[in-house]
Amino acid sequence: MSRNAYLRLGIILTVTGVIALIHRFAVTTTRLPPGVELAVAIVLIVVGLPLLVRGTRRRGRPSDSDRGGR
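Heads up: these notes are all about the structure in this document. (Residues numbered from 1 in each chain as written. Predicted model: local features only at pLDDT ≥ 70, side-chain atom pairs only at ≥ 80, totals over all residues. Heavy atoms only, no water.)

1. Regarding helix 1 (residues 3–26)
- Here helix 1 contains 24 residues, and its C-alpha end-to-end distance of 34 Å stays within 8% of the 34 Å for a straight helix at 1.5 Å per residue.
- Taken residue by residue, helix 1 has Tyr 6, Leu 7, Gly 10, Leu 13, Thr 14, Gly 17 and Ala 20 as its buried positions.
- The secondary structure elements touched by the buried residues of helix 1 are helix 2 (34–57). (Helix = DSSP H or I, 4+ residues; strand = E, 2+ residues; numbered from the N terminus. Expected span 1.5 Å × (residues − 1). Buried < 20%, exposed > 50% of the residue type's maximum accessible area, 1.4 Å probe, protein only. Contact = heavy atoms within 4.5 Å.)

Take a look at the structure:
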């Protein structure tokens, strides 16, 4: 996967997890059992953060101009 794909997926999952976590603590009644909603929020954050870190630390491939035009 490309650097942008890791960043995009990591941002989407992490932000969605944070929103779900905030929703879990802000709302008193939900359609899901409280444990399920909390588990989903934590899983989204735990999966999203490593992807986000990998996207920020991964370097893109050098372009043709960086390699001397080859």
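2. Observations regarding helix 2
- The terminal C-alpha atoms of helix 2 lie 35 Å apart, and with 24 residues this matches the ideal 34 Å at 1.5 Å per residue to within 8%.
- Where helix 2 is buried, its residues meet helix 1.

3. As for the packing of helix 1 against helix 2
- Running from amino to carboxyl end, helix 1 crosses helix 2 at an angle of 155 degrees, the nearest separation of the two axes being 7 Å. For the element pair helix 1 / helix 2, the angle class is roughly antiparallel. By crossing handedness, the relation of helix 1 to helix 2 is classed as left-handed.
- The residue makeup of the contact of helix 1 with helix 2, split by class, is 18 nonpolar, eight polar and four charged. (Axes fitted to C-alpha atoms, helices over the stretch in contact; angles between N-to-C directions. Parallel < 35°, antiparallel > 145°, perpendicular 65-115°, else oblique. Left-handed = near helix turned anticlockwise from the far one by under 90°. Nonpolar A, V, L, I, M, F, W, Y, C, P; charged D, E, K, R; others polar.)

4. Considering the side chain of Glu 37
- Assignment of secondary structure puts Glu 37 in helix 2.
- In this structure, Glu 37 is buried with no salt-bridge partner, the nearest side chain bearing the opposite charge being Arg 24 at 5.2 Å.
- What Glu 37 contacts, discounting residues up to four positions off in sequence, is Ala 20, His 23, Arg 24 and Thr 30. (Lys, Arg positive; Asp, Glu negative; His and termini not counted. Salt bridge = Lys/Arg side-chain N within 4 Å of Asp/Glu carboxyl O.)

5. Things to note about the side chain of Thr 14
- Structurally, Thr 14 can be placed in helix 1.
- Residue Thr 14 is classed as buried on the basis of its relative accessible area, which comes to 11%.
- For Thr 14, the side chain forms a polar contact with the main-chain oxygen of Gly 10, separated by 2.7 Å.
- Those residues in contact with Thr 14, other than ones at most four positions away along the chain, are Leu 44, Ile 45, Gly 48, Leu 49 and Leu 52. (Polar contact = N/O pair within 3.5 Å; in protein donor to acceptor, adjacent residues only side chain to side chain.)

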